[in-house]
Amino acid sequence: MTSLWEASAVRPQGYAKALEGDRSADVLVIGGGMAGVLCAYLLSEAGCRCALVEGGQVGAGVTANTTAKVTAQHDLVYDRLIKKRGADAARLYFEANQAAVAGLRQLADDAPCDFEEKTAYVYATGSTAGIERELAAYEQLGIPHHVLPRAPRLRTGALWAWSVRRSSTR
């Protein structure tokens, strides 16, 4: 199945060149997907001389088949993190994810892309025990949330968190 991005994205031509001869760099970034390009960009902004190599097409692979959803809400993770790593580590994980979202929001202000903030929902189709444990973790960590009695078109309660989406059509 071809993703919507692969079917509709307009890719600029001539922006990447084949490597010729010897090159030196402070950092070699392997992979030209969203993560690799972002790493190379941020390292370059920090003053590092970067080389980015991609074996196929830049923006293809996993990136071409992703929803580009960036969120600090990853399934039911915070209860599990508290149990395995402790509350401080779980809080740091949340804060790092929030900082990443804020950083991408700032980048999107300077980039020709559609950047939207959307509500993310976690929901259960059966037992809500896992969501209830996650809610307790959110409360313990001070993570902003809102509990709905019913999620739109879903059967049970939901937790709310920030989610953002970028369009690759520009």
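Refer to the structure above for everything that follows.
All of these numbers come straight from a predicted model, not from anything done at the bench.

(A) Focus on the overall build of the protein. Per the secondary structure count, the protein includes 5 helices and 6 strands. When its helices and strands are written in sequence order, the protein yields α-β-α-β-β-α-α-β-α-β-β. Residues counted as buried form 28% of the 170 residues belonging to the protein. As displayed, the protein has an accessible area near 11,300 Å², and 54% of this comes from carbon and sulfur atoms.

(B) Local environment of the packing of helix α3 (residues 78–85) against helix α4 (residues 87–109). Across the interface, α3 lies against α4 with an axial gap of 7 Å and an inter-helix angle of 140 degrees. By the angle between their axes, α3 is oblique relative to α4. Like other packed secondary-structure pairs, α3 and α4 cross with a definite hand, here right-handed. From α3, Y78, L81, I82 and R85 reach across to α4, where they touch A87, A89, A90, Y93 and F94.

(C) Focus on the pattern of salt bridges. One pass over the full model with this rule turns up 4 salt bridges. Note that R133 and D79 form a salt bridge whose closest N and O atoms lie 3.7 Å from each other. Here D79 lies in helix α3 and R133 lies in helix α5 (residues 129–141), a separation of 54 residues in the sequence. For R133, a relative accessible area of 43% gives the class partly exposed. One salt bridge connects D88 with R91, and the closest N-O pair in it is separated by 3.3 Å. A residue pair is termed a helical-turn pair when its members lie 3 or 4 positions apart in one helix, as D88 and R91 do in helix α4 at 3 residues. Judged by its relative accessible area of 57%, D88 is exposed. The class of R91 is partly exposed, set by a relative accessible area of 26%.

(D) Quick look at the nonpolar core. Core analysis: the biggest nonpolar cluster contains 11 residues, these being A72, V77, Y78, L81, I82, A90, F94, A137, Y138, L141 and I143. Breaking this core down by element, the ones donating at least two residues are α3, α4 and α5. Setting aside chain neighbours within four positions, we find I143 in contact with Y78, F94 and Y138.

(E) Just the environment of A108, in detail. Tracing the backbone shows A108 in helix α4. In contact with A108, other than residues within four places in its own chain, are C113 and F115.

Conventions used here
Residues numbered from 1 in each chain as written. Predicted model: local features only at pLDDT ≥ 70, side-chain atom pairs only at ≥ 80, totals over all residues. Heavy atoms only, no water. Helix = DSSP H or I, 4+ residues; strand = E, 2+ residues; numbered from the N terminus. Buried < 20%, exposed > 50% of the residue type's maximum accessible area, 1.4 Å probe, protein only. Areas by Shrake-Rupley, 256 points an atom, 1.4 Å probe, with all protein chains shown as cover. Axes fitted to C-alpha atoms, helices over the stretch in contact; angles between N-to-C directions. Parallel < 35°, antiparallel > 145°, perpendicular 65-115°, else oblique. Left-handed = near helix turned anticlockwise from the far one by under 90°. Contact = heavy atoms within 4.5 Å. Salt bridge = Lys/Arg side-chain N within 4 Å of Asp/Glu carboxyl O. Core = buried A, V, L, I, M, F, W, Y, C linked by side-chain atoms within 4.5 Å.

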